[in-house]
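# Structure assessment
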Amino acid sequence: MPARPAPTTGTRAIARAVDAVKLYGFGDAAVRALDGVTVDFESGRYTAIMGPSGSGKSTLMHCVAGLDSLTSGQVFIGDVDLATLDDRGLTRLRRDQVGFVFQSFNLVPTLDAGENITLPASLAGRRPEQAWVDEVVATLGLGDRLHHRPSELSGGQQQRVAVARALAQRPGIIFADEPTGNLDSKASAEILGFMRRAVDDLGQSVVMVSHDPGAAGYADRVLFLVDGRIVDEMRDPTADGLIDNMRRLGE
Amino acid sequence: MLKTALKGLLGHKLRLAITAVAIALGVGFMAGTLVLTDTLARTFDDLFARVGAGVDAEVRARSVVEGSTETGQQRADVDPAIVERITAVEGVKGAEANVLGFAVPVKKDGTPIASASAPQFGGNWYRLDEVNPYELVEGQPPRGPKEAVIDRSLAKSGDFSVGDPIKVQTIGPTLELEVVGIATFGGSDNAAGATFVAMDTPNATRYFSADGRVQTISVVGEEGVSQEELVRRIGAILPGDLEAVTGAASIDEAQQESREQLEVFNAFFSGFAAVSLVVGAFLIYNTFGIIIGQRTRELALLRSLGAGRGQVLGSVLLEAAVIGLLASLAGIVLGVGLAVGLKALLDLIGIDLPDTAPVIAPRTVIVSIVLGVVITTLSALVPAVKASRVPPLAAIRDVAVERVQGSAVRAALGVVLGALGIAGLVAGAANDELAQVLTGVVLVFAAVVVLGPRIAPVVARGLGAPLPRLAGIPGLLARENATRNPKRSAGTASALMLSVAVVTVLSIFFFSFLASINSSVDQDLLADYQIDTGGFGFPTLSPEIATRLEERPEVAAASGVRFGSFAVEGDSHPVYGVDGADVDELFDLGLEEGSFEDLGADGFAVDRVTAEEQGWRLGTELDVTFPNGTTRPMRIVAVYDNAGIVAQNSDGHYLLDNSVFTAEFPAQNQFDARVAVRSAEGVSSDEARAAIDEVAAAFPSAEVRDRDGIKEEQNSQLYQSLGILVVMLALSVLIGGLGITNTLALSVFERTREVGLLRAVGASRRQLRASIGYESVILTLFGTIMGMVIGVAGGAALISALSGTLIRATISVPIPFLVAVLLLAVIIGVLASLLPAWRASRLDVLRAVAAE
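The shown structure was predicted, so the numbers you read here are calculated from the model rather than taken from an experiment.

## Notes on a negative patch on the surface
Residue and element names in this part refer to chain B. A cluster of like negative charges, contributed by Asp584, Glu585, Asp588, Glu597 and Asp598, occupies part of the molecular surface. Following the sequence through the fold, Glu597 ends up in the loop between strand 16 (591–594) and strand 17 (603–607). Taking relative accessible area as the criterion, Glu597 reaches 60% and is therefore assigned exposed.

## Details of the pairing of strand 13 (residues 529–532) of chain B
Residue and element names in this part refer to chain B. Covered by surrounding structure in strand 13 are Tyr529 and Ile531 together with Gln530 and Asp532, the residues of both alternating faces. Bridge count between strand 13 and strand 21 (residues 674–679): 3 bridges; the pairing is antiparallel. Residue pairing for strand 21: Tyr529 is matched across the bridge by Val677. Examined bridge by bridge, strand 13 and strand 22 (residues 703–706) share 4 bridges and lie antiparallel to one another. Paired with Gln530 across the strands is Arg705, a residue of strand 22.

## What to know about the packing of helix 12 (residues 408–431) of chain B against helix 24 (residues 765–801) of chain B
Residue and element names in this part refer to chain B. Packing of helix 12 against helix 24 brings their axes to within 6 Å, and their N-to-C directions diverge by 25 degrees. Relative to helix 24, the element helix 12 is oriented roughly parallel. The two elements helix 12 and helix 24 meet at a crossing, and its hand is left-handed. Mapping the contact onto sequence places Leu425, Gly428 and Ala429 in helix 12 and Ala793, Gly794, Ala797, Ser800 and Ala801 in helix 24. A breakdown of the residues in the contact of helix 12 with helix 24 according to their chemical character gives 5 nonpolar, 3 polar and no charged.

## So, the interface of chain B and chain A
Often, the extent of an interface is quoted as the loss of accessible area on bringing the components together. Contacts between chain B and chain A engage 21 residues on the former and 24 residues on the latter. When the two sides are added together, the surface that chain B and chain A hide from each other amounts to roughly 2,100 Å², 67% of it contributed by carbon and sulfur. The residue A:Arg149 makes a salt bridge to B:Glu480 at a minimum N-O spacing of 2.8 Å. Viewed at the interface, chain A and chain B are joined by 7 residue pairs in polar contact (both at pLDDT 80 or more). Broken down by class, the residue content of the side of chain B that touches chain A amounts to 11 nonpolar, 4 polar and 6 charged.

## Here's the deal with the sheet that holds strand 8 (residues 205–209) of chain A
All names here are of chain A. Strand order in the open sheet made by the 6 strands is 6-7-8-3-9-10, with mixed pairing throughout. Looking along the sheet, the strands with just one partner apiece sit at the ends: strand 6 (98–101) and strand 10 (229–235). Strand-to-strand, the axes of this sheet are offset by a mean angle of 20 degrees, without reference to chain direction. Packing against the sheet, helix 1 (residues 57–64) makes contact with strand 3 (46–50), strand 7 (173–177), strand 8 and strand 9 (221–226), and its axis sits at approximately 150 degrees to strand 7.

Calculation criteria
- Residues numbered from 1 in each chain as written.
- Chains lettered and ligands numbered in written order.
- Predicted model: local features only at pLDDT ≥ 70, side-chain atom pairs only at ≥ 80, totals over all residues.
- Heavy atoms only, no water.
- Patch = residues over 30% accessible without salt bridge, like charges linked within 9 Å, V, L, I, M, F, W, Y side chains within 5 Å.
- Areas by Shrake-Rupley, 256 points an atom, 1.4 Å probe, with all protein chains shown as cover.
- Salt bridge = Lys/Arg side-chain N within 4 Å of Asp/Glu carboxyl O.
- Lys, Arg positive; Asp, Glu negative; His and termini not counted.
- Charge placed at Lys NZ, Arg CZ, Asp CG, Glu CD.
- Helix = DSSP H or I, 4+ residues; strand = E, 2+ residues; numbered from the N terminus.
- Buried < 20%, exposed > 50% of the residue type's maximum accessible area, 1.4 Å probe, protein only.
- Pairing = 2+ DSSP bridges.
- Axes fitted to C-alpha atoms, helices over the stretch in contact; angles between N-to-C directions.
- Parallel < 35°, antiparallel > 145°, perpendicular 65-115°, else oblique.
- Left-handed = near helix turned anticlockwise from the far one by under 90°.
- Contact = heavy atoms within 4.5 Å.
- Nonpolar A, V, L, I, M, F, W, Y, C, P; charged D, E, K, R; others polar.
- Buried area = accessible area lost by both parts, 1.4 Å probe.
- Polar contact = N/O pair within 3.5 Å; in protein donor to acceptor, adjacent residues only side chain to side chain.

Here it is in structure tokens:
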């Protein structure tokens, strides 16, 4: 029985995994994608998960976000154990308490940018909080793009719309899976900057998976995952420090 | 390349299975029609072969007037005195007269055993075993004026045994006979559903034949005399108005005639098969189009690895041909099942056909396979050409979203087709040109198909307009998805559009026909009552009925209606017989010149259109030939507007007095099909009805109807036909529904990532299902509404074009029926979405999000 790790700062955990194990396949062919991960994600912080390909970083994020289920162990969002939720409960959780930014294909192509941003609220049958949405749209500089379809937007603009959608719900926690993986460096810096501001100015919590030290450098805390285990973490990282650390872990 | 094609096939088996079902249904219809008609043809061939077996020669009157499909062959009857002279011819072993009249047996409780589907014969029992197709299974042959042999199915349905009394209604008096024998027809209980009452030859001639004459004479030759030789020898002693033919030739003629009648039946079912196949073709075109869109990368990879254009084209076409082949084979099996089922249905309604195994002619198999394969391959041709144009570079590019270019050629073609089609409809309706109207309908349909990708987004957007407000995001998504691939939406809806257009045209035709005959009864029928048989349609009412009615003081006028064929100046025409003295009081024919009272023995009446066409006028004298061979001059004594009310909306261009029918036509034309009656002034309807009922009571098969009853009877017959049509067409609508399922399934597959994304950001399974359901309903409604628009225009033009033939032509758009079709479409739309919606809602969110 692993002890619950003490929070490393005074902030409360918005999401946590306890002894999370995820197996793919059976018997000899089984792959341990997560091998007993226990971790807290602090509220109001920007956490990055780094690791080489196949380290299990995406799997960890998917499981914590309620997109995938664990083989054993527990995942909590707030105080809710995700294992106790059925499909309807998970759907509601994703809609109301979690925001997503994927690497690509973030937007419904038949809806315009504005409709995409308010999509979770519309799905819930709620009116979006207009003042908040306006603020988010203004922050992300999307005011003149609201009636454009995704196909009429650049890659960077599409990701900004995705970030706006994640924020529009005031979800508590935003999961971002390689959000800048398909972008050039200028657009990447923009998106990462926005997510930083979401944490600093708007009080959101962000968990981001990335293999790019430059991107992870925007985070407050970086977790290093290798072979399904957390092997290290850094606080207030610098890009150089991260590169060194990655090189060391790769050896 | 063959291997690649086959692998491609296996890779999409589920999607293609749905497509194959569509083709299989179409081919099944076709194969079923062919098998059923072949089987029926074989059955009737066997029947006639059995009837004619043992007959070496047949003697009959020469045919001088060509019969119509309604009247059959119009040959004069034969004086039976000739039998003795034929028997005396050297080489003749025996000769036997054939009496084939009408006889309706009456059940013990007094109700007639009426057949709605087959004739009811009264005939003579043959003494010569060689020519007798019936075999006694009980009792003995009939002898004298009080004895009868009946067929076994009659014995069963009327509960008659040997020794029982039986009442038989004939053209004259109702006979009270005794059943002395029970017979079977070549092992069957009856002859293809016909009822049969036999007496000995002299009495059968006397009671069943109107004029004491017989229909034909069967001759059996001595051993060693060929049929041809026999015919030659008999021919030598026959008077000029009679002829002898060999038994083989006579069988052949009868078989030929029955086949011609089956042709109508064949054409009817082939029509449905054609609609189903065209609907199936749309489906295939659509499915291949989508699949090729999805396989662009795979095809491009093949191209970059060195596959030539021809090879890609060939592989797609081969894939289509294989599907066509498999579906056709399934269709043939389906068709045989369909034929067996339909035959069982015939048995059920009392047509006891001899058991013939389903006839699967090589032609059936070949036609089905060729049709299935050719239609499938042709439908895949355009998508295949598109596939062959995929550039190798597309392998490394992202799959492009379908772009609809506003092709100017397409738009121009559509507009031209549409304009020509509408011109055809309008001109056809104005000029009473049926062919123009039908061409117009086809052209308008083609125009809508061509312009479909332009029309679809506009209409679908309109249909979906209220959805976002009513159903929120699922509604919005449904509307957008229904309009995002205009070509695909239009193609999918086209299949349904065709089915619905055909349903609509037919329903308008039917309901307008109904309205027309009802208003014709209202306006043109002056009679208060009508007597008919409600039976098979053979005229079987005794002329006695009209005569007796006229004697009643409660009756002001009564006239039987007969029909037959005669020739005017050598050209044969259908002709109707009425009582010239009373016709004016019973029917409003719109008399323009002359008087029906002058009809008599030497006059006839003609409608204005025919008179104008032929350049005849009142008083014109013309040579008229009757079935009995007489040709004599007759005068036009009346010109009228329209005799649709007499001819019941068929060809009513000529009228004769019933006395001419009695004098010049064979026995089969001496019965009345209907008797119209008008009650006398000052007689209450109760009194009149009582008097008519009293007369009719002596004739068990006669049914008395008042004006409402006449309409009811006609309407119920039409409703039955409409019912059959609707069931058949519901099948093609169903195929259209399958097409929607297919397209949605493919679209959902294509939108895997989008679906995953929606789920990730919080769409529930129900919302996804609802969205796909709405999308399906939009597509279904689009197809249905377009089909209805075409159908209403086409149906209205059709009725207008028929206004010359159809008396009191009234265009009736059956709103409740169309609303029902629309509701049905919504239901089909919802049902069509179930499977794809279920699959979408079960999609693994993570796999969808992670899908490359």
